[in-house]
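Residue strings, one per chain:
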Amino acid sequence: MGSPVSFASFNVYNFQEPGGRVFRSRVTQALYDAKRDWTREKIIQLDADVIVFQKLWARGCLEHTFSDPALRTYTLHTIALT
């Protein structure tokens, strides 16, 4: 029998690119950097085979996060909903 597959659901709490808006506020570079670093660390801690993200405001945020060498074992796939 094959190895088990692990799944996780991850709320990234309105992850938006710097300069972008989240409700009435603009995201600063410092806030973005902190959220990107926090997200990277949580992904490493989860160590799941498949992760579904919620409350992502811009796909580029995850693309940037997953470009980190610490996450090289993952392949990012996204679905754009309109």
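Asks: What exactly am I supposed to notice about the overall build of the protein chain here?
Replies: Along its length, the protein chain carries two helices and four strands. Listing every helix and strand of the protein chain by position from the N terminus yields β-β-β-α-β-α. Projected onto the principal axes, the alpha-carbon positions of the protein chain cover approximately 50 × 30 × 15 Å. In the protein chain, which comprises 82 residues, the share counted as buried stands at 29%. The contacts of the protein chain with a sequence gap of at least 6 include a subset with a gap of at least 24, amounting to 66%. On the protein chain, the mean spot of the 10 positive side-chain charges and the mean spot of the 8 negative ones are 10 Å from each other.

Asks: Explanation requested: the packing of aromatic side chains in the structure shown.
Replies: In this description, an aromatic ring pair is defined by two values, namely the gap between the centres and the angle between the planes. Taken as a whole, this structure holds seven aromatic pairs when the rule is applied. Note on Phe10 and Trp38: the rings are 5.6 Å apart at their centroids and 65 degrees apart in plane angle, and the pair reads as edge-to-face. Of the two residues, Phe10 sits in strand E1 (residues 7-15) while Trp38 sits in helix H1 (residues 29-46), which places them 28 residues apart along the sequence. Judged by its relative accessible area of 6%, Phe10 is buried. On the basis of relative accessibility, which here comes to 33%, the residue Trp38 falls in the partly exposed class. Relative to Tyr74, the ring of Phe66 has its centre 5.8 Å away and its plane inclined at 75 degrees; by these criteria the two rings are edge-to-face. Judged by relative accessible area, Phe66 falls into the buried class, the value being 13%. Grouped by ring-pair contacts, the aromatic residues Phe10, Tyr13, Trp38, Phe53, Phe66 and Tyr74 constitute a single cluster.

Asks: Just checking my understanding: could you explain the environment of Gly20 for this structure?
Replies: By the element assignment, Gly20 lies in the loop between E1 and strand E2 (21-22). Take Gly20: its relative accessible area is 16%, and that puts it in the buried class. In this structure the C-alpha to C-alpha distance between Gly20 and Trp57, which are 37 residues apart in sequence, comes to 8.9 Å. Beyond its immediate sequence surroundings of up to four residues, Gly20 is in contact with Ser25, Arg26 and Val27.

Asks: How should the packing of H1 against helix H2 (residues 59-66) be read in this particular structure?
Replies: The description of two packed helices rests on the angle between their axes and on the distance between the axes. Two numbers describe how H1 lies on H2: the axes approach to 10 Å, and their chain directions differ by 60 degrees. Relative to H2, H1 is oriented oblique. For H1 against H2, the interelement crossing comes out right-handed. Taking contact as the criterion, the partners of Tyr32, Arg36, Thr39, Arg40 and Ile43 in H1 are, on H2, Gly60, Cys61, His64, Thr65 and Phe66. Of the residues in the contact of H1 with H2, the class split is four nonpolar, four polar and two charged.

Rules behind the numbers
- Residues numbered from 1 in each chain as written.
- Predicted model: local features only at pLDDT ≥ 70, side-chain atom pairs only at ≥ 80, totals over all residues.
- Heavy atoms only, no water.
- Helix = DSSP H or I, 4+ residues; strand = E, 2+ residues; numbered from the N terminus.
- Buried < 20%, exposed > 50% of the residue type's maximum accessible area, 1.4 Å probe, protein only.
- Contact = heavy atoms within 4.5 Å.
- Lys, Arg positive; Asp, Glu negative; His and termini not counted.
- Charge placed at Lys NZ, Arg CZ, Asp CG, Glu CD.
- Phe/Tyr/Trp six-rings, centres within 6.5 Å; stacked < 30°, edge-to-face > 60°.
- Axes fitted to C-alpha atoms, helices over the stretch in contact; angles between N-to-C directions.
- Parallel < 35°, antiparallel > 145°, perpendicular 65-115°, else oblique.
- Left-handed = near helix turned anticlockwise from the far one by under 90°.
- Nonpolar A, V, L, I, M, F, W, Y, C, P; charged D, E, K, R; others polar.

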